[in-house]
Amino acid sequence: MSVSIIIIIMLMKVIWPVVMLLASLVVIVQSTETTTVINGQTVVDLTHPLNSQTLHWIDARDFELKITVNGTVRRGESNIWVQADEIYMATHTGTHLDAPCHFARGKWSVADIPIVNFVHRPVALIDIVDQSMATRDYELSVRDIHDWEKQNGPIVDGSVILVRTGWARFWPKKLEYFGTETKDEALLHFPGVHPEAAQWIVDNRQIMGIGIDSPSIDHGQSKQYRSHQIFAQKNIYHLENIAQNIHKLPAVGAHLTLLPLKIDGASGTSVRIIAEIGVDNTMASISNSQQCFAPNLLLLLSFVTLRYIIS
């Protein structure tokens, strides 16, 4: 082996870890715009912020934050900074939870739902983006569920099903999101879950909740809200208006945690939802372009490094 080859090998042993570090840093920068890594878990926020642009059901009041104090206040012999505020909104505002009592008499209100139903629940993510793009009023079907289970196995007991329609990309544009800027429910157009699919789920699987990145579990043209009723009768909660970060989740392997306000007797409340993705499942949630990015970067850096050494 020539001396030059030996030198190249020795230099590569020193330089290669640096190349790997640079590549990983680029991937980390891409992934931390809307996510956080905690104890090796990628944590994804699935919640729209509450502000003046927040969407809500078409006949509900707007969200309002009223700042009542915002400045320095005299306390004793010194001034201190104080901000205090009040909020006004309907319970089904923004990213929110529907309690079973919303559509089933005598079932759980928000405060009645056991906390175990909210913490570290396995996620079954079912993607119907293509179908929803083709048909605004598309409904998740039994066939969609069967197709998903053929690829991913049966939905695990205690799961929360998340239905990804792609609708969150319209937020907060009311016309695109709801199909109308009026209060006329006849003009609503957005995807949901077909009552036959809802019935199949409650008859064949044991889930804690079901969520969607559109305004409602039932599609826009629903009149009886049958899917709401079917799930609510089994004390299964709904999550609606999930944020666009849902696209970061894999089909399986993520876990959901949500902590709604504990409001006695309420049929719903805004909620903060997070998903945790383990190391083994993180790559499954990255788009094809991102998956190709790191290897291509490594190849490019390796080539540049080798050319530099040889020259």
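Residues numbered from 1 in each chain as written. Predicted model: local features only at pLDDT ≥ 70, side-chain atom pairs only at ≥ 80, totals over all residues. Heavy atoms only, no water.

**Comments concerning the nonpolar core**
- Within the largest apolar cluster, 25 residues are counted, with the highest numbers of intra-cluster contacts made by Leu-46, Leu-97, Leu-162, Leu-239 and Leu-256.
- Where this core is concerned, the elements lending two or more residues are strand S6 (121-127), strand S8 (159-164), strand S11 (237-240), strand S12 (254-260) and strand S13 (268-277).
- Per-element accounting of this core gives the leading share, four residues, to S13.
- Counting residues in hydrophobic clusters, the runner-up holds 23 residues, among them Ala-197, Trp-200, Ile-230 and Phe-231. (Core = buried A, V, L, I, M, F, W, Y, C linked by side-chain atoms within 4.5 Å. Buried < 20%, exposed > 50% of the residue type's maximum accessible area, 1.4 Å probe, protein only. Helix = DSSP H or I, 4+ residues; strand = E, 2+ residues; numbered from the N terminus.)

**A short note on the pattern of salt bridges**
- By the definition in use, this model includes five salt bridges.
- Here Arg-272 makes a salt bridge to Asp-45, at a shortest N to O gap of 2.9 Å. Linking Arg-272 in strand S13 with Asp-45 in strand S2 (residues 41-45), this pair joins segments that are 227 residues apart in sequence.
- Between Glu-149 and Arg-205 there is a salt bridge; the shortest N-O distance is 2.8 Å. Here Glu-149, found in helix H3 (residues 142-152), pairs with Arg-205, found in the loop between helix H5 (195-204) and strand S10 (207-212); they are 56 residues apart in sequence, far enough to count as distant. Here the two residues Glu-149 and Arg-205 agree in accessibility, since each one is buried. (Salt bridge = Lys/Arg side-chain N within 4 Å of Asp/Glu carboxyl O.)

**A few points about the environment of Gly-253**
- Here Gly-253 is to be found in the loop between S11 and S12.
- In the structure, Gly-253 is positioned 130 residues away from Val-123 in sequence and 6.8 Å away in space, judged by C-alpha atoms.

**Observations concerning helix H6 (residues 226-233)**
- Within H6, the full set of buried residues consists of Ser-227, His-228, Ile-230, Phe-231 and Ala-232.
- Residues of H6 that are buried in the fold lie against strand S5 (96-98), strand S9 (192-193), H5, S10 and S11.
- Looking one or two residues past H6, Asn-235 carries a phi angle of roughly 60°, positive in sign. (Contact = heavy atoms within 4.5 Å.)

**Observations regarding unusual backbone geometry**
- Look at the link from Trp-171 to Pro-172: it is a cis peptide, with omega at 0°.
- By secondary structure assignment, the location of Pro-172 is in the loop between S8 and helix H4 (174-178).
- In this model, Asn-39 sits at a positive phi of 50°, which is unusual for a non-glycine residue.
- Counting through the fold element by element, Asn-39 comes out in the loop between strand S1 (35-38) and S2.
- For Tyr-225, which is not glycine, the phi dihedral falls at a positive 55°.

Treat this as a map of the structure, not an account of what it does.
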